[in-house]
Amino acid sequence: ATQAATQAATQAATQARAFSDDNKRTGFGDIMIEYHPYKDDTEFTVPSYPSRVNESDETLRARLTWQSRKRGIAENCLILSTFFAEQGGTLPRNVVDQFDILINTVDSDWDLYYWMTGKEQPPPPYDNEVMELLKEFTQNKEMKDRTQQPEL
């Protein structure tokens, strides 16, 4: 068993080196995607997100309802799931697509949290209509109770 574990670890390390040597490819689940770096002072990189061809509006919104509940830190899960439960059904498709890209490409949970709460300015790819809606949503001017994720 030890030899098999050593071989598996060696294979994983070789694959990791191969991916890091090719700075325009990254793993996204079981999908390899190509990305183009966005560079500013922080060397922020935004991976491209594979489009789901012919995904129906109903399927897209159902998928995002689930994914918004499973987005890293609890704070983001609460914000994203309550936002999408309250507004997802009425958002135009282009804004829903922005939401899809946002929750499926941002690597840092804390960056996402700080952008949504307005503590930091998001980089241009994420500085869009859905981000403005999320910033407004997190202000919670109506003082709604958003301490639990909505029912499915």
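(A) Region of the structure containing the overall build of the protein chain. In terms of helices and strands, the protein chain carries six helices and three strands. Across the 152 residues in the protein chain, those meeting the buried criterion constitute 34%. Carbon and sulfur atoms provide 50% of the accessible area of the protein chain, an area that totals close to 9,700 Å².

(B) Spatial organisation of the packing of helix α4 (residues 93-105) against helix α6 (residues 129-139). Close contact between α4 and α6 brings their axes to 8 Å; oriented N to C, the two are set at 80°. In terms of axis orientation, α4 runs roughly perpendicular to α6. Across the interface between the two elements, Asn 94, Val 95, Gln 98, Phe 99 and Leu 102 of α4 pack against Glu 129, Val 130, Met 131, Leu 133 and Leu 134 of α6.

(C) Examining the packing of helix α3 (residues 74-87) against helix α5 (residues 109-116) more closely. Orientation of α3 relative to α5, taken along the N-to-C sense of each, is 50°, at an axis distance of 9 Å. In terms of axis orientation, α3 runs oblique to α5. The two elements α3 and α5 cross, and the hand of that crossing is left-handed. For the pair formed by α3 and α5, the contact residues are Glu 75, Asn 76, Ile 79 and Leu 80 on the first element and Asp 109, Leu 112, Tyr 113 and Met 116 on the second.

(D) Fine view of the environment of Ala 85. By the secondary structure assignment, Ala 85 is in helix α3. Once the C-alpha coordinates of Ala 85 and Thr 65 are considered, the two residues, 20 residues apart in sequence, prove to be 7.0 Å apart.

(E) Examining the nonpolar core more closely. Phe 99, Leu 112 and Leu 134 are the most contacted members of the largest nonpolar core, which totals 21 residues. Looking at this core, the elements that each hand over two or more residues are α2 (57-67), α3, α4, α5 and α6. The element that contributes the greatest number of residues to this core is α4, accounting for five residues. For Phe 99, the contacting residues outside a window of four places in its chain are Leu 64, Ser 68, Leu 80, Phe 83, Phe 84 and Val 130.

(F) Highlighting the confidence of the model for the protein chain. Mean pLDDT over the protein chain works out to 78, with 68% of the residues at or above the 70 mark. Per-element averaging of pLDDT across the protein chain places strand β1 (residues 25-28) at the bottom with 43 and α6 at the top with 96. Note that residues 15-35 has pLDDT below 50 and, in this model, 27 contacts with residues that lie over four places away or in other chains.

(G) Geometry of the side chain of Glu 55. Within the secondary structure, Glu 55 sits in the loop between β3 (45-47) and α2. Glu 55 gets classed as buried once you look at its relative accessible area, which sits at 15%. Side chain to side chain, Glu 55 and Arg 63 meet in a polar contact 2.9 Å long. Not counting the four nearest positions on each side in its chain, Glu 55 is found in contact with Leu 60, Arg 63 and Arg 93.

Definitions and cut-offs
Each residue is numbered by its place in its chain's sequence as written, counting from 1. For this predicted model, a pLDDT threshold of at least 70 governs which residues receive local features, and a threshold of 80 or more governs which side-chain atom pairs are given and counted, while totals over whole chains, interfaces and linings are taken from all residues. Heavy atoms from the whole structure form the basis of all side-chain values; hydrogens and water molecules are not counted. What counts as a helix is a DSSP run of H or I of at least four residues, what counts as a strand is a run of E of at least two, and both are numbered from the N terminus. Here's how the labels work: a residue is buried when its accessible area is under 20% of the maximum for its type, exposed when over 50%, partly exposed in between, all with a 1.4 Å probe on protein chains only. Note on areas: these come from Shrake-Rupley sampling with a 1.4 Å probe, and a residue is covered only by the protein chains present in the view. To get an axis, fit a line to the C-alpha atoms, keeping to the stretch in contact for a helix; angles then go from 0 to 180 degrees between the N-to-C directions. Oblique is the label for every angle not falling under 35 degrees (roughly parallel), over 145 degrees (roughly antiparallel), or within 65 to 115 degrees (roughly perpendicular). Here, two residues are considered to be in contact whenever any of their heavy atoms come within 4.5 Å of each other. Whether a crossing is left-handed or right-handed is set by the direction in which the near helix is turned from the far one by less than a right angle, anticlockwise for left-handed and clockwise for right-handed. Within this scheme, the nonpolar core is defined by two criteria: the residues are buried Ala, Val, Leu, Ile, Met, Phe, Trp, Tyr or Cys, and they are joined through side-chain atoms within 4.5 Å. pLDDT expresses how confident the predictor is about each individual residue, on a scale running from 0 to 100. Whenever a nitrogen or oxygen atom comes within 3.5 Å of another N or O atom, the pair is scored as a polar contact, on the condition that within protein one atom can donate a hydrogen and the other can accept it, and that pairs from neighbouring residues in sequence are kept only if both atoms are in side chains.

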